[in-house]
Amino acid sequence: MCLSDIARELDLTVIYDGGDIDREITGGYATDLMSDAIAHAKAGDLWVTLQVHVNVVAVASMKDLGAVVLTQDRQPLPETLQKARDEGIPLLGSNLRAFDLIGRLYQLGIRGT
Amino acid sequence: MEKNLRRFRVDLHNHTSLSPCGDARMIPQNILRAAAERKVDVIGITDHNSAENVAAMREAAEPTGIRVIGGMEVTSAEEVHLLALFDGDDELAGFQQLVYENLHGTNDTEAFGYQWVFDAEGGVIDLNPRLLIGATVLSVHEVVDGIHGFGGVAIAAHVDRQSFSIISQLGFIPGDLDLDAVELSPFSEEHGFGPDELAAGVTGERKLVAVTFSDAHHVDEVGRAVTELMVADGSVAELRLALRGEGGRAVVGGV
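What comes next concerns the included structure. In this text, all values refer to a predicted model and were calculated from it rather than measured experimentally. Within each chain, residue numbers correspond to sequence positions counted from 1 in written order. Chains and ligands are labelled by the order in which they are written, letters from A for the one and numbers from 1 for the other. The predicted origin of the model limits local features to residues at a pLDDT of at least 70 and limits the giving and counting of side-chain atom pairs to 80 or more, whereas totals for whole chains, interfaces and linings rest on all residues. Remark: hydrogens and water are excluded; side-chain values derive from all non-hydrogen atoms of the structure.

## Some words on the overall build of chain A
Our working definition: Starting at the N terminus, helices and strands are each numbered in turn, a helix being any DSSP run of H or I of at least four residues and a strand any DSSP run of E of at least two. The size measure is the radius of gyration over C-alpha atoms, and the globule rule it meets is 2.2 Å times the number of residues to the 0.38 power. The buried label applies to any residue whose accessible area, calculated with a 1.4 Å probe on protein chains only, is under 20% of its type's maximum; exposed applies above 50%, and partly exposed to all values in between.
For chain A, the helix and strand inventory stands at 5 helices and 5 strands. Helices and strands appear in chain A in the N-to-C order α-β-β-α-β-α-β-α-β-α. The globule rule puts the C-alpha radius of gyration for 113 residues at 13 Å, and the 12 Å found for chain A is close to it. With respect to the principal axes defined by its C-alpha atoms, chain A has extents near 35 × 25 × 25 Å. When each of the 113 residues of chain A is scored for burial, the buried share is 49%.

Shown next, in the form of structure tokens:
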């Protein structure tokens, strides 16, 4: 399912639509530890996290992730947003907490890889 | 024997160009000039998980009168940042080995930045290939025990921050964690925990001493926050006494 369709289905806020907003999302990953994302997230994954610091985007770039979704209406720090622009990583937001958001992603057919 | 105690302005949390998030201009002459401008007596060199620029910094500092303390900012498995500070080169080297043995991964320069090892003149001599921004597989307890095992001082870094702080990662400071102090960041008001959240996060009857340092990643940040100690010299041994309030040594202020 492509990212823009997911965003529409789940009413996600598009914080930054650079990179490829129509990219095919091939899986999902959920963690708030950078080391965990580095170890296990896969290219094309949609990453669900509440972390808003700049390393989130750096890790997403390193792992070629499809997008980062920030939960609980959390806003990226200014340097995080800038890094997203520099690296072309789509940043989205949800007012839901991770558990509920992931449940809905699962219902859409997104699976862990 | 009574030693003469006097005020020392210390900034023990500084990054160099070795940290991937450290600005490339964080080389010895720039760091030392900035420290001198802010009248800092002792600077700690605490790159992420590595002390490879300490020797060069110390050599460059010799003619300046500024004392360099060697150490690093370790990332625990829980992604808590802890400052590790040592007096002796052997102790620092021993702790470095422990950290490197427990740190895996290779750096991605595009994603995280360059990790420059320099000489005393600030010339690049190497590019560190390790994932220094990564987490070790050592728990906070193992990190603190490791620091103490090599005779160092262990300080929980920027505990008021919402990321990579012991409070953000663990929810509270474990009562049995033998920290020497906690560090408050220079920007406590922004993006951080307020006083109530901090008070809730510090458990146990043990009172933890708070210190503040710059966490400098850019030259203009060096010395932006210092802690003032009443000590006999700028060593880690004296720092330890001050943190414990022993022998007349004390933490007398933070700016």
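Next comes the rest of the write-up.
## Let's talk about the overall build of chain B
Note the threshold: Note that accessible areas follow from Shrake-Rupley with a 1.4 Å probe, and for residues the cover is restricted to the protein chains shown. When charges are counted, neither His nor the chain ends are considered; positive counts come from Lys and Arg and negative counts from Asp and Glu. Charge placement uses NZ in Lys and CZ in Arg. For Asp and Glu, CG and CD serve respectively.
Of regular secondary structure, chain B possesses 8 helices and 11 strands. Computed over C-alpha atoms, the radius of gyration of chain B comes to 17 Å, within 12% of the 18 Å expected from 2.2 N^0.38 for 255 residues, which places it in the range of a compact globule. Taking the principal axes of its C-alpha atoms as reference, chain B extends roughly 45 × 40 × 35 Å. For chain B, the accessible area works out to roughly 10,600 Å², and carbon and sulfur atoms hold 51% of it. Distance between charge centroids for chain B: 8 Å, based on 18 positive and 41 negative side chains.

## Description of the sheet that holds strand S3 (residues 45-49) of chain A
Residues and elements named next belong to chain A. For the record, the criterion: Note on pairing: DSSP must find at least two bridges between two strands before they are called paired. Lines are fitted to the C-alpha atoms to define the axes, a helix being fitted only along its stretch in contact, and any angle between axes, read from their N-to-C directions, falls within 0 to 180 degrees. Between two residues, a contact is recorded if the distance between any of their heavy atoms is within 4.5 Å.
One open sheet accounts for 5 strands, arranged S1-S5-S4-S3-S2; its pairing is mixed. Whereas interior strands pair on both sides, the edge strands pair on one side only; in this sheet they are strand S1 (13-16) and strand S2 (27-30). Averaged over all pairs of adjacent strands, the angle between their axes in this sheet comes to 25°, without regard to strand direction. Sheet topology places S1 next to strand S5 (residues 91-93); 3 bridges connect them, and they run antiparallel. Opposite Thr-13, over in S5, you have Gly-93 as the bridge partner. Against the sheet, helix H4 (residues 78-87) makes contact with S1 and S5, and its axis sits at roughly 80° relative to S1, the strand it touches most. The sheet strands contacting helix H5 (residues 98-107) are S2, S3 and strand S4 (67-70), and the helix crosses S3 at an angle near 160°.

## Concerning the nonpolar core
Put simply, the test is: In plain words, nonpolar cores are sets of buried Ala, Val, Leu, Ile, Met, Phe, Trp, Tyr and Cys residues tied together by side-chain atoms within 4.5 Å.
Grouped together as the largest cluster of nonpolar side chains are 46 residues, with contacts concentrated most on B:Ile43, B:Met57, B:Met72, B:Leu82, B:Phe95, B:Ile166 and B:Leu179. Of the residues forming this core, the biggest block, 5 residues, is contributed by helix H2 (residues 54-61) of chain B. A:Ala58, A:Ala60, B:Phe112 and B:Leu131 belong to the second-largest nonpolar core, a separate cluster that totals 25 residues.

## Looking at the packing of helix H3 (residues 54-62) of chain A against H4(A)
All names here are of chain A. Selection rule: Angular relationships are summarised with four words: roughly parallel below 35 degrees, roughly antiparallel beyond 145, roughly perpendicular across 65 to 115, and oblique for the angles in between. In a left-handed crossing the near helix is turned counterclockwise from the far helix by less than a right angle, and in a right-handed crossing that turn is clockwise.
Across the interface, H3 lies against H4 with an axial gap of 7 Å and an inter-helix angle of 20°. By the angle class used here, H3 and H4 are roughly parallel. H4 is crossed by H3, and the crossing has right-handed handedness. Taken together, the residues of H4 that come into contact with H3 (itself represented by Val-54, Val-57, Ala-58 and Ser-61) are Glu-79, Thr-80, Lys-83, Ala-84 and Glu-87.

## Looking at the pattern of salt bridges
Cut-off, in case you're wondering: We count a salt bridge whenever a side-chain nitrogen from Lys or Arg sits within 4 Å of a carboxyl oxygen from Asp or Glu.
Under the criterion given, the structure shown has 10 salt bridges over all chains. Between A:Arg23 and A:Asp64 there is a salt bridge, with its nearest N and O atoms 3.2 Å apart. Note that A:Arg23 is positioned in the loop between S1 and S2 and A:Asp64 in the loop between H3 and S4, a separation of 41 residues in sequence. Salt-bridge contacts for B:Arg25 lead to B:Asp23; the nearest nitrogen and oxygen are separated by 2.7 Å.

## Remarks on the interface of chain B and chain A
The line we're drawing: As used here, buried area is the combined drop in accessible area, with a 1.4 Å probe, of two parts when they are placed together. Polar contact is defined as a pair of N or O atoms within 3.5 Å, subject to the rule that within protein one atom must be able to donate a hydrogen and the other to accept it, and that residues adjacent in sequence are counted only when both atoms are side-chain atoms. By the convention adopted, Pro, Cys, Tyr, Trp, Phe, Met, Ile, Leu, Val and Ala count as nonpolar, Lys, Arg, Asp and Glu as charged, and the other residues, Gly among them, as polar.
Across the boundary between the two partners, chain B contributes 16 residues, which contact 17 residues of chain A. Summed over both sides, the interface of chain B with chain A buries roughly 1,100 Å², with 57% coming from carbon and sulfur. It is B:Glu79, B:Ala111 and B:Phe112 that lose the most area in chain B upon contact with chain A, and together they represent 38% of the buried surface on that side. Our enumeration of links across chain B and chain A arrives at 0 salt bridges. Where chain B packs against chain A, one counts 3 residue pairs in polar contact (both at pLDDT 80 or more). In terms of residue count, the dominant contributor to the side of chain B that touches chain A is helix H4 (residues 109-112) of chain B (3 residues). By residue class, the composition of the side of chain B that touches chain A is 7 nonpolar, 5 polar and 4 charged.

## Thoughts on the packing of helix H1 (residues 28-37) of chain B against H2(B)
All names here are of chain B. Close contact between H1 and H2 brings their axes to 10 Å; oriented N to C, the two are set at 55°. Between H1 and H2, the angle falls in the class oblique. Crossing hand, H1 versus H2: right-handed. Only Met-57, Ala-60 and Ala-61 of H2 make contact with H1, whose side of the interface consists of Pro-28, Ile-31 and Leu-32. Counted by class, the contact of H1 with H2 contains 6 nonpolar, no polar and no charged residues.

## Notes on the sheet that holds strand S2 (residues 42-48) of chain B
Residue and element names in this part refer to chain B. Sheet architecture is open: 9 strands sit in the order S9-S8-S7-S4-S3-S2-S1-S10-S11, paired in mixed fashion. Among the strands making up the open sheet, the edge pair consists of strand S9 (210-212) and strand S11 (250-254). The average undirected angle you get between the axes of adjacent strands in this sheet is 30°. Of the strand pairs in this sheet, strand S3 (residues 67-75) and strand S4 (residues 81-86) are connected by 6 bridges, and their pairing is antiparallel. Bridging across to S4, Gly-70 finds its partner in Phe-86. Most of the contacts of helix H5 (residues 140-149) go to S4, to which it runs at about 10°, and overall it touches S3, S4 and strand S7 (153-156).

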